[in-house]
Number of protein chains: 2
Amino acid sequence: MTEIILLGYGNLNSRLLDVFHRKENIRIKQVFNRNQIKIPGPFRDIPFTDDLHAIEKADIYIIGISDDAIAPFSESLPFKNRLVVHTSGGVSMDALSSKNRRGVFYPLQTFTKNRHLDFDTIPICLESEYEEDMEILNFLGRSISGHVESITSGQRATLHVAAVFVNNFVNACYQMGSAVLENENLSFDLLKPLILETAMKIQEIPPKEAQTGPAKRKDKKTIEKHMKLLQGSSYQKYYEILTGFLMNDPDSN
Amino acid sequence: MTEIILLGYGNLNSRLLDVFHRKENIRIKQVFNRNQIKIPGPFRDIPFTDDLHAIEKADIYIIGISDDAIAPFSESLPFKNRLVVHTSGGVSMDALSSKNRRGVFYPLQTFTKNRHLDFDTIPICLESEYEEDMEILNFLGRSISGHVESITSGQRATLHVAAVFVNNFVNACYQMGSAVLENENLSFDLLKPLILETAMKIQEIPPKEAQTGPAKRKDKKTIEKHMKLLQGSSYQKYYEILTGFLMNDPDSN
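Residues numbered from 1 in each chain as written. Chains lettered and ligands numbered in written order. Predicted model: local features only at pLDDT ≥ 70, side-chain atom pairs only at ≥ 80, totals over all residues. Heavy atoms only, no water.

Peer 1: Honestly, the pairing of strand 1 (residues 2-7) of chain A in this entry has me stumped. Any pointers?
Peer 2: Residues and elements named next belong to chain A. Taken across its six residues, strand 1 has six buried, putting it largely inside the fold. Where burial is concerned, the two faces of strand 1 agree: the one with Thr2, Ile4 and Leu6 and the one with Glu3, Ile5 and Leu7 are both buried. Across six bridges, the pairing between strand 1 and strand 2 (residues 26-32) is parallel. Bridging from a neighbouring strand, Ile4 pairs with Ile28 of strand 2. Tracing the backbone out of strand 1, into helix 1 (residues 11-21) and back to the parallel element strand 2 gives a crossover that is right-handed. Sheet analysis places strand 1 next to strand 4 (residues 60-63), joined by four bridges and oriented parallel. Bridging across to strand 4, Leu6 finds its partner in Ile62. (Buried < 20%, exposed > 50% of the residue type's maximum accessible area, 1.4 Å probe, protein only. Helix = DSSP H or I, 4+ residues; strand = E, 2+ residues; numbered from the N terminus. Pairing = 2+ DSSP bridges. Right-handed = clockwise from strand over helix to strand, strands pointing away.)

Okay, structure coming up:
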């Protein structure tokens, strides 16, 4: 039986609670959170504490708190030589206090309150200071996902940047598309099937091959029409810059 | 029985052939294409011609050819006073020759060869020169989709710009994310579940509310880290510009 203690109870750790709780051979021994929390009904039997000094002994401690808080929090833990991992894409493993055995358990996904997600396909990116700790990380990863990889802090930093492009910047494009429609009183619903198909297509076809549209076709007439239509709007600038990328990217053809 | 003739046999019209062919009360009377084409087995009984003057009489002619070719092609049709529609998001209805009754039948979706798509949820955007022609357009639209809307050429132009943002520019972000990973020999597969969830989330939550990440949090430390990581890469510029959008957008909070 592998015993886990969750440190923090935000979007990710509450999800991990749910998914680990269903697994045989894994026991969530305790949940720590600085503030009192309400653990949902099915997990009511899991002990909770808001007292650092009441944290029990376990095989692994999973920190799920904001990036900036990880270093000072890990330093404040009143024990040593135990396996303590964080779950962040943006923080190096070294940010954890060296008094414990350090590691990372990073599920590469965006977690939103009240949205159900299957863990099965979520890549779990692992790192450990000591090779022997990789065994337990691998066991936990494989118990919830079919896609587990061992990556370094450097690789994870790159992954995190790439994730910003395909998640935050993609969503920025959704925002711009939505704003462009709003000005004409057109519903964003019209774009939803297109948005979904664009993301589905990329599951099978590399992005460069999947690219379509006026910039890809070097269709200057349409581009000029669009630029004119966006005149005076703050979105014209982004249209121009992203069209420039698609027309000039040396790798894009 | 509504009789359709398809003019052109590209990605879209080949899909329309497939989907209309299954419907009662709709008959594909003929397919015209400038070059000889291979119509798949199930549709072998549909007459084909590559001779403009052999085009028969029908209730509606659906042009599915490249944007630039629509105007000259519609002018070259050897008949008049019939209902002729194009299927393009980027072309005004007026581009069609005025010798026929003009209209637009625009399914707002990206069509890729060999990718199956359900038409049920694809918004069909309709426009007609004469009110009485809207009836047949509506009938055809509703026979294949649950989402049919009547929109003007001006609105369609705006829609087309917005579609460039949420499809072509989103895919540009996928390209950038993929390129960033390539430099570190990391697989794009790692990002695929995140890409899908980002698109799924937007089906339910407006893009501004769905936004997350360092720019949204005004997390300058992470942004600086990412900018440093991208130093010397051509993607740094796009990171900076899109982060700027997310940090400064007056509507984003």
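Peer 1: Mind showing me how you'd approach the sheet that holds strand 3 (residues 48-49) of chain A here?
Peer 2: Neighbouring strands of a sheet are bound in pairs by backbone hydrogen bonds; such pairs are parallel or else antiparallel. Residues and elements named next belong to chain A. Judged by pairing direction, the sheet is mixed, and its eight strands sit side by side in the order 3-2-1-4-5-6-7-8 without closing on themselves. Both edges of this open sheet fall to strand 3 and strand 8 (148-150), since each of them pairs with a single strand only. Helix 3 (residues 134-144) rests against strand 1, strand 2, strand 4, strand 5 (83-86), strand 6 (101-107), strand 7 (124-128) and strand 8 of the sheet, and its axis sits at about 170° to strand 7. (Contact = heavy atoms within 4.5 Å. Axes fitted to C-alpha atoms, helices over the stretch in contact; angles between N-to-C directions.)

Peer 1: Even after reading the chapter, I still don't get the pattern of salt bridges, so can you show me in this structure?
Peer 2: Side chains bearing opposite charge may pair, as long as their charged atoms lie close to each other. Per the counting criterion, the structure on display carries 22 salt bridges over all chains. The closest approach of N and O atoms between Glu3 of chain A and Arg27 of chain A, which form a salt bridge, is 2.7 Å. One end of the pair, Glu3 of chain A, is in strand 1; the other, Arg27 of chain A, is in strand 2, with 24 residues separating them in the sequence. Owing to a relative accessible area of 36%, Arg27 of chain A belongs among the partly exposed residues under this scheme. Taking the shortest distance from any N to any O, the salt bridge between Arg22 of chain B and Asp18 of chain B comes out at 3.0 Å. Given a relative accessible area of 22%, Asp18 of chain B falls into the partly exposed group. (Salt bridge = Lys/Arg side-chain N within 4 Å of Asp/Glu carboxyl O.)

Peer 1: It is not clear to me how the nonpolar core should be interpreted in this structure. Could you clarify?
Peer 2: Side chains of a nonpolar character, in soluble globular proteins, are inclined to be buried together. Formed by 87 residues in total, the largest nonpolar core has its most connected members in Phe165, Tyr174 and Leu191 of chain A together with Phe165, Tyr174 and Leu191 of chain B. Apart from the residues lying within four places of it in its own chain, the contact partners of Tyr174 of chain A are Phe188 and Ile195 of chain A together with Val166, Val170, Tyr174, Thr198, Ala199, Ile202 and Pro207 of chain B. (Core = buried A, V, L, I, M, F, W, Y, C linked by side-chain atoms within 4.5 Å.)

Peer 1: How do you make sense of the relation of the copies chain B and chain A when you look at a structure like this?
Peer 2: Relating one copy of the chain to the other requires a rotation about an axis plus a shift along that axis. For the pair chain B and chain A, the best superposition has an RMSD of 0.0 Å and corresponds to a rotation of 180° with a translation of 0.0 Å parallel to the axis. As the rotation angle and translation indicate, the two copies are arranged about a two-fold axis. The rotation axis passes nearest to the C-alpha of Val170 of chain B in chain B, at a distance of 2.5 Å. The fraction of interface residues of chain B whose copies in chain A are also interface residues reaches 100%, indicating that both copies meet through the same surface. (Least-squares fit on C-alpha atoms with pLDDT ≥ 70 in both.)

Peer 1: Honestly, the interface of chain B and chain A in this entry has me stumped. Any pointers?
Peer 2: How large an interface is tends to be reported as the accessible area lost when its parts come together. Across the contact, 86 residues belong to chain B and 86 residues belong to chain A. Carbon and sulfur atoms make up 68% of the surface buried where chain B meets chain A, a total of about 8500 Å² over both sides. Taken together, chain B and chain A are joined by six salt bridges. Here Lys221 of chain B ties to Asp68 of chain A by a salt bridge, and the two come within 3.4 Å at their closest N and O atoms. At the junction of chain B and chain A, the tally comes to 28 residue pairs in polar contact (both at pLDDT 80 or more). Among the elements of the structure, helix 2 (67-76), helix 4 (153-182), helix 5 (192-201), helix 6 (207-210), helix 7 (220-229) and helix 8 (236-248) of chain B are those that each provide at least two residues to the side of chain B that touches chain A. For the side of chain B that touches chain A, the leading source of residues is helix 4 of chain B, giving 25 residues. Split by residue class, the side of chain B that touches chain A holds 46 nonpolar, 24 polar and 16 charged. (Buried area = accessible area lost by both parts, 1.4 Å probe. Polar contact = N/O pair within 3.5 Å; in protein donor to acceptor, adjacent residues only side chain to side chain. Nonpolar A, V, L, I, M, F, W, Y, C, P; charged D, E, K, R; others polar.)

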